[in-house]
Amino acid sequence: QVQLVESGGGLVQAGGSLRLSCAASGIIFKINAMGWYRQPPGKQRELVATNTAGTSLVYAESVKGRFTISGENAKNTVYLQMNSLKPEDTADYYCNAVNVLGRRYWGQGTQVTVSS
């Protein structure tokens, strides 16, 4: 059974930093892409950043220049360094992995709260 476990969320003041981590276990088929999504209170889940095949990095416009995705798909790990955090970054953050067959997996989510 595939499991994605996130850590690193918490409460931080505006302008501060947090680093999220995610590790996948129980992987049978190779992971092709890993990334992060978030769901702000009362809103739909949205893309934050993804790393596909270790070569293609995609960021939401709202986080470009402030967030950095890293990690190794081959090691089933992904990180999200979040700098210059803003109150509008407040959300539940979810780790996501997609294997080579296109099967998508989600973590349980970690809460990030940015106070003004």
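Mind showing me how you'd approach a nonpolar patch on the surface here?
Taken together, the side chains of Ile-28, Phe-29, Val-100 and Leu-101 define a hydrophobic patch exposed on the protein surface, amounting to about 450 Å² of accessible area. Look at Val-100 and you get partly exposed, because its relative accessible area is 48%.

What's the story with the state of the cysteines in this structure? I'm lost.
Within the structure shown, the criterion is met by one disulfide. Between the sulfur atoms of Cys-22 and its disulfide mate Cys-95 the distance is 2.0 Å. Residues Cys-22 and Cys-95 are joined by a disulfide whose S-S torsion is about -80°; by sign, that bridge is left-handed. You can see Cys-22 sitting in strand β3 (residues 18-25) and its partner Cys-95 sitting in strand β9 (residues 91-99), a full 73 residues away along the chain. With respect to class, Cys-22 is no different from Cys-95; both count as buried.

Is there a simple way to think about the environment of Val-78 in this case?
Following the sequence through the fold, Val-78 ends up in strand β8 (residues 77-82). Between the C-alpha atom of Val-78 and that of Gly-15, which follows or precedes it by 63 residues, the distance is 23 Å. Apart from residues no more than four positions distant in its own chain, Val-78 is found in contact with Leu-20, Ser-21, Cys-22, Met-34, Gly-35, Trp-36, Ile-69, Ser-70, Gly-71 and Cys-95.

What counts, and where the lines are drawn
Throughout, a residue's number is its position along its own chain's written sequence, starting from 1. Residue-level local features of this predicted model are given only where pLDDT is at least 70; pairs of side-chain atoms are given and counted only at 80 or more, and the full residue set underlies all totals for whole chains, interfaces and linings. To obtain the side-chain values, all non-hydrogen atoms of the structure were included, while hydrogens and water were left out. A residue counts toward a patch only above 30% relative accessible area and without a salt bridge, and it is joined to like-charged neighbours within 9 Å or, for Val, Leu, Ile, Met, Phe, Trp and Tyr, to nonpolar neighbours within 5 Å. Residue burial considers only the protein chains on display, and all accessible areas are found by Shrake-Rupley using a 1.4 Å probe. What makes a salt bridge here is a side-chain nitrogen of Lys or Arg within 4 Å of a carboxyl oxygen of Asp or Glu, nothing more. Exposed residues in this analysis have more than 50% of their type's maximum accessible area, buried residues have under 20%, and partly exposed residues fall in between, with area computed by a 1.4 Å probe over protein chains only. Two cysteine sulfurs form what is called a disulfide whenever their separation falls within 2.5 Å. Counting from the N terminus, the helices are DSSP H or I runs at least four residues long and the strands are E runs at least two residues long. We call two residues in contact when some of their heavy atoms are within 4.5 Å.

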